[in-house]
Amino acid sequence: MQDIIRDFLGGIILVLDKSIDVGDFVELEGGVSGEIQEIGARATRIRTNDNVDILLPNSVLMRGHVTNWTRGYETRRVHVPFQVAFGADKEKVRKAALEAAGSVAFTLPDEGARRTQVWLVGFADSGLKFELVVWPSLDAVKRPASMYAAYYWAIDDALRRHGLEIPLPQVDLRVRSLFGQEGAKAFDAVGLHPEEKHAPPVRRAASTHNDA
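Just so it is clear, the structure is predicted and the values come from calculations on it, not from any experiment.

A. Highlighting the packing of helix 3 (residues 90–103) against helix 5 (residues 144–161). Two elements in contact, helix 3 and helix 5, have axes whose closest approach is 8 Å; the angle formed by their N-to-C orientations is 135°. Taken together, the axes of helix 3 and helix 5 are oblique relative to one another. Remark: the crossing between helix 3 and helix 5 carries right-handed chirality. Note on element contacts: helix 5 touches helix 3 through Y151, A154, I155, A158, L159 and R161, opposite A96, E99, A100, A101 and S103. Classifying every residue of the contact of helix 3 with helix 5 gives eight nonpolar, one polar and two charged.

Structure, rendered in structure tokens:
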């Protein structure tokens, strides 16, 4: 009886509080996500994008951590990470990613603070780490897996069109000795000389713009 009373009171609070509502897309602590279909007297019914209904007791929903991705029926900004090889032209990467975002039907047009952007966010072991920062439609936000799949597909197509390489994992090996020889003698053992290993002069790159 105590559980029933807690669930019943939890349902009343959810309805009056409006922190979640029917039609909202929520994510639960365990990573399960879906759209609120019904807030009942005992349980809240959540339908996942795989068309699976989850009945969650109202008291459990009240106690747990719930992320409401569409509260107030507004969309949200998403970050789509991707990488390119070291040495890539950053302006070309930016142009390709913006083209990719524009080719996805549910990308919203730039308006005020809601702008599609491309950020260089770090350096990976084998390339440069970028993020496509974009505002999708509300319907797309409710289908996160297919939304990200669409952006990744478009980004890959755009990078290929612009001749930009997606890096593969790389490992640098430092050889201390070769055939029992070190230094110049090791180079001589394979027919190379240290002066042949010199890198070409470094060219100063033009200044570029980072949306972040």
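B. Focus on the packing of aromatic side chains. The final tally for this structure, using the stated rule, is three aromatic pairs. Geometrically, the ring pair formed by F106 and Y151 is edge-to-face, given 5.5 Å between the ring centres and 90° between the ring planes. With F106 in the loop between helix 3 and strand 7 (117–123) and Y151 in helix 5, this pair connects stretches of sequence that are 45 residues apart. For Y151, a relative accessible area of 0% gives the class buried. Positioned over the ring face of W69 is R76, at 3.8 Å from the centre of the ring.

C. Structural context of the nonpolar core. Of all hydrophobic cores here, the largest spans 24 residues; its most connected members are F82, V84 and L132. When contributions to this core are tallied by element, the ones reaching two or more residues are strand 6 (78–85), helix 3, strand 8 (127–134) and helix 5. For this core, the element with the highest residue contribution is helix 5, accounting for six residues. Setting aside its immediate chain neighbours within four residues, L132 contacts V78, H79, V80, F82, A97, A101, T116, Q117, V118, Y151 and I155. Counting nine residues, the second-largest nonpolar core is a separate cluster that includes L14, I36, L56 and L61.

The rules behind the values
Residues numbered from 1 in each chain as written. Predicted model: local features only at pLDDT ≥ 70, side-chain atom pairs only at ≥ 80, totals over all residues. Heavy atoms only, no water. Axes fitted to C-alpha atoms, helices over the stretch in contact; angles between N-to-C directions. Helix = DSSP H or I, 4+ residues; strand = E, 2+ residues; numbered from the N terminus. Parallel < 35°, antiparallel > 145°, perpendicular 65-115°, else oblique. Left-handed = near helix turned anticlockwise from the far one by under 90°. Contact = heavy atoms within 4.5 Å. Nonpolar A, V, L, I, M, F, W, Y, C, P; charged D, E, K, R; others polar. Phe/Tyr/Trp six-rings, centres within 6.5 Å; stacked < 30°, edge-to-face > 60°. Buried < 20%, exposed > 50% of the residue type's maximum accessible area, 1.4 Å probe, protein only. Lys NZ or Arg CZ within 6 Å of the ring centre and 35° of its normal. Core = buried A, V, L, I, M, F, W, Y, C linked by side-chain atoms within 4.5 Å.

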